[in-house]
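# Residue-level structure breakdown
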Amino acid sequence: MANLTLVQAINLALVQEMEKDDRVIILGEDVGPNGGVFRVTEGLHKRFGAARVVDSPLAESGIIGTSIGLAMAGLRPVPEIQFDGFLGPAYDQICSHAARMRTRTRGAFTVPLTIRIPVGGGIHAPELHSDSPEAIYAHTPGLKVVMPSSPYDAKGLLISAIRDPDPVMFFEPKRIYRAFREEVPEDEYTLPIGKARTVCEGDDLTIVSWGASVVQCMQAIEKSGKSIELIDLRTIYPFDMDAVEASVKKTGRCVIVHEAPKTCGFGAEIAARIMERCFLYLEAPVQRVTGFDTIMPYYKLELEYMPDTARIERAIADIGAY
Amino acid sequence: MPFKTVFSTEIQHLSILNEHGKFDAKLGKDVIPDQDLITLYEQMTLCRHLDEIAFKLQRSGRMGTYPQNMGQEATSLGAAYALEKTDWLVPCYRENCGLFYRGLPMEYILLHWMGDERGNAIPRELYMTPLAIPIGTQMLHATGLAWAAKYRGEKQIACTFFGDGATSEGDFHEAANFAANLDIPVIFFCQNNFWAISVPGKIQCSAPTLAQRGIAYGMECMQCDGNDIFAVVKTVRDAAAIARTKSRPVFIEAVTYRLGDHTTADDARRYRDQAEVDMWKQRDPILRVRALLKEKKLWNDSKEAALKERAEREITAAVARAENITPPERADFFNYMFAELNSDLRMQRDTMLTHSLGEDPSQIESPAAASSH
């Protein structure tokens, strides 16, 4: 066991998968000698060489488009898109091709591709460096969408993503890249894509969240003093509705927390599924605590935008008392 | 003969005031009058000082991530000087010097990097677009802006700035292709500073020059020493004449160097040799102009000292204006979403302002009482 940050856990997962499988290669902007702008690929260029850790031209569509070709040829590319806000140029390749290749070729071609992207706000970053786009990709059929909230989960989920036969969007909440450390086994392990984690058990209310917001939820739960069950979705698509259902049927109350904008955020999908599956068990309306339907503000106001502990506490109080 | 040459070309590099301070009097004749040269020198010095102060502000926690301009002052400045005041400047994010020369108050740039969106509220009469954070996207906007001028029968052109890395983006191809094929008067001003964060130029372009990229689109291509204000001014002037009179795009490659890190979040020592940086420090665009001014007896140590004092005063004042601005209204980020805020966004705004949850309007009127149901 080693006490690792989320960045180190991802780095370890990459090292182990690259050692185990020479089909795994990394490409992206600054991922080589510089080790990525967040140092996630630190040391990999030196260890595995320039043929496997490739500094690409500055072109996101190119990074993903060529990764699709590499994957179709049987490799396991793990491209990095430097920031959430730079996914735009790659959107066409991700949604028009990576997501559809298996379907449109009747399985003749597949795209085992893991796209790593730092996401989310709260680090005083410039414009277009703080977005939370997970719902856009969850809404695109043919993609799996993963967002870990801890070093342990990050390692296990990334190894699963790399080994997955289909394209995975692997969103890394940059706010908690180095926020805390956790015991992470040295040995390789996988965590199933599509399985949630019950962070803490409780009887009064269920909170469903993912990514960096999970940390805020834990703080709010502690402050509330109530018996609250926290479910970290871990994978946004496919998502573990069984875990949510079981918990909400037990507690009768649910708050969903995410940083992305509210309208068509993934919380909307969870809320709708709860209506389908748990309607007669509900003691209160499902409540969402989310970002707003605005452009993510520059950093002077970013904390006004993000769902903070106070807003989550408010939701716990309101829904708990309903 | 089975083969014949159907096309051949060459790229010419223009240098007037070289890195050793040698001035080509013939080529440089009438490019920049002496009085203007002093102004341009002062402008570069002021910009350099702001750059140093901005770096310190970031390091002391008074500003967010900041991209230093150091070493590249002559490129955007030469362009802004050579163009008409109504020609569009369409920057990326390392063109402070040209933007300041055009009239952008320094505190706008500071505010932008201090995470304050009011730094982007650029007065329309300055004919410049806000900093473009994604790479290369603004070249298409420049093409559209120039297209609009052409459509209206105006003589206005656009000049868009980008780096070597941006020529790798698909948007560069699309902008160049639109401009060339639809006869749009736009200047593609590539500041080749050799590094896209840590990625060297050879990963972006395997051809001997970036300038020749424009040839494939059928546009005129020029290369100049981007650290030579005379060469930049003459090149942009020639390009602007082509754009204005022929309504054609032009590609300029200005060879320069990023003396600082990519941004304050970067550490260039990790990936490039100090020897290379030291070599380029000798080619500093400011040093050679100062040497020339001194040679022409237009500059001396007391003028230099006075300029340093002025820089200190003006930049201190700009920093004070940026730091002393009233904090943005909490709900400011709702205010510019649409011409008119819809009812749902109004509800969300009020939710934020009252720390309520927004599902029930009564919470907004009386947030404290909201949890009793």
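In case you missed it, the structure is sitting above this.
Figured I'd write up the structure that's included with this text.

Rules used throughout
- Residues numbered from 1 in each chain as written.
- Chains lettered and ligands numbered in written order.
- Predicted model: local features only at pLDDT ≥ 70, side-chain atom pairs only at ≥ 80, totals over all residues.
- Helix = DSSP H or I, 4+ residues; strand = E, 2+ residues; numbered from the N terminus.
- Buried ≥ 20, exposed ≤ 12 C-beta atoms within 10 Å, placed from the backbone.
- Contact = placed C-beta atoms within 7 Å.
- Pairing = 2+ DSSP bridges.
- Axes fitted to C-alpha atoms, helices over the stretch in contact; angles between N-to-C directions.
- Parallel < 35°, antiparallel > 145°, perpendicular 65-115°, else oblique.
- Left-handed = near helix turned anticlockwise from the far one by under 90°.
- Nonpolar A, V, L, I, M, F, W, Y, C, P; charged D, E, K, R; others polar.
- Core = buried A, V, L, I, M, F, W, Y, C linked by C-beta atoms within 7 Å.
- Arc of directions from axis to C-beta.
- Right-handed = clockwise from strand over helix to strand, strands pointing away.

The helix and strand inventory of chain B stands at 14 helices and eight strands. In terms of principal-axis extent, the alpha carbons of chain B reach across some 90 × 65 × 45 Å. Sorting the 373 residues of chain B into buried and exposed places 47% on the buried side. In chain B, the share of contacts with a sequence separation of at least 24, taken over all contacts with a separation of at least 6, comes to 72%.

What follows concerns the sheet that holds strand β3 (residues 158-163) of chain B. All names here are of chain B. The strand order across the open sheet built from six strands is β1-β7-β8-β4-β3-β2, with neighbouring strands paired in parallel fashion. The outermost strands of the open sheet, each flanked by one partner alone, are β1 (13-14) and β2 (88-90). Judged from the two bridges that link them, β1 and strand β7 (residues 220-225) form a sheet pairing that is parallel. Bridged to Leu-14 within β7 is Cys-224. Where helix α8 (residues 229-246) meets the sheet, its contacts fall on β1, β4 (186-192), β7 and β8 (250-255), and the angle it forms with β7 comes to roughly 165°.

Let's shift gears to the packing of helix α5 (residues 106-113) of chain B against helix α11 (residues 301-323) of chain B. Residue and element names in this part refer to chain B. Packing of α5 against α11 leaves a shortest axis separation of 9 Å and a crossing angle of 50°. For the element pair α5 / α11, the angle class is oblique. As for the relative orientation of α5 and α11, their crossing is right-handed in sense. On the side of α5, the interface is formed by Met-106, Glu-107, Leu-110 and Leu-111, while α11 contributes Ile-315, Ala-318, Val-319, Arg-321 and Ala-322. For the contact of α5 with α11, the per-class residue count stands at seven nonpolar, no polar and two charged.

With that out of the way, let us pick up the sheet that holds strand β10 (residues 205-209) of chain A. All names here are of chain A. A sheet is described by the order of its strands in space; here five strands give the open sequence β9-β11-β10-β13-β14, paired in mixed fashion. The sheet terminates laterally at β9 (197-200) and β14 (287-291), the two strands that pair on one side only. Averaged over all adjacent pairs, the angle separating strand axes in this sheet is 25°, with direction ignored. With four bridges connecting them, β10 and strand β13 (residues 254-261) associate as parallel partners. Within the sheet, the bridge partner assigned to Ile-207 lies in β13 and is Val-255. Strand contacts of helix α8 (residues 213-224): β9, β10, β11 (228-232) and β13, with the helix running at about 175° to β11, the strand carrying the most contacts. Along the sheet, helix α10 (residues 266-278) makes contact with β10, β13 and β14, crossing β13 at roughly 155°.

Counting residues in hydrophobic clusters, the biggest one holds 195 residues, and the most contacted among them are Leu110(B), Ile187(B) and Ile252(B). In this structure Ile187(B) touches Ile157(B), Cys159(B), Val236(B), Ala239(B), Ala240(B), Ala243(B), Val250(B) and Ile252(B), once residues within four positions along its chain are discounted. If you look at the next biggest cluster of nonpolar residues, it comprises twelve residues, including Met296(A), Tyr298(A), Phe333(B) and Phe334(B).

Across the boundary between the two partners, chain A contributes 39 residues, which contact 38 residues of chain B. Put simply, the parts of the chain that give the side of chain A that touches chain B at least two residues each are α11 (302-305) and α12 (309-321) of chain A. With seven residues, the top contributor of residues to the side of chain A that touches chain B is α12(A).

Moving on to unusual backbone geometry. At the junction of Tyr237(A) and Pro238(A), the peptide bond is cis and its omega measures out at -5° in the coordinates. The topology assignment puts Pro238(A) in the loop between β12 (235-237) and α9 (241-251). For Arg106(A), which is not glycine, the phi dihedral falls at a positive 55°. Residue placement: Arg106(A) occurs in the loop between α5 (101-104) and β5 (114-119). Residue Arg106(A) is classed as exposed on the basis of its 7 C-beta neighbours within 10 Å. Residues other than glycine seldom take positive phi values, yet Ser247(B) does so here, at roughly 50°. By the secondary structure assignment, Ser247(B) is in the loop between α8 and β8.

What follows covers the pairing of strand β7 (residues 168-173) of chain A. Residues and elements named next belong to chain A. Judged by how many residues are buried, β7 sits mostly within the fold: six of six residues are covered. The alternating pattern of β7 places Val-168, Phe-170 and Glu-172 and Met-169, Phe-171 and Pro-173 on opposite faces, both of which are buried. Pairing geometry for β5 and β7, over six bridges, is parallel. Looking at β7, one finds that Ile-117 is bridged to Phe-171. Bridge count for strand β6 (residues 144-146) against β7 is three bridges, and the pairing is parallel. Within β7, the residue paired with Lys-144 across the bridge is Val-168.

Residues and elements named next belong to chain A. Taken residue by residue, α9 has Ala-243, Val-244, Ser-247, Val-248 and Thr-251 as its buried positions. Across the axial projection of α9, the buried residues extend over an arc of 120°, all falling on one side. Buried residues along α9 sit against β9, β10, β11, β13 and α10. Just past α9, the residue Gly-252 takes up positive phi, approximately 80°.

The two faces of the sheet receive side chains in turn, since in a regular strand these alternate between them. Residues and elements named next belong to chain B. Most of β4 is tucked away, with seven of its seven residues classed as buried. Along β4, one buried face is formed by Val-186, Phe-188, Cys-190 and Asn-192 and the opposite face, lined by Ile-187, Phe-189 and Gln-191, is buried too. Relative to β4, β3 is paired through six bridges, and the arrangement is parallel. If you follow Cys-159 over to β4, its bridge partner there is Ile-187. Handedness of the crossover joining β3 and β4 through helix α7 (residues 170-181) is recorded here as right-handed.

Let's shift gears to the packing of helix α2 (residues 34-59) of chain B against α11(B). Residues and elements named next belong to chain B. Their axes nearest at 9 Å, the elements α2 and α11 cross at an angle of 50°. What the angle tells us is that α2 and α11 run oblique. Pair α2 / α11 crosses with right-handed handedness. Contacts between α2 and α11 involve Glu-42, Thr-45, Leu-46, His-49, Leu-50, Ile-53 and Leu-57 from the first element and Leu-307, Ala-311, Glu-314, Ile-315 and Val-319 from the second. Among the residues making up the contact of α2 with α11, the classes are represented as eight nonpolar, two polar and two charged.

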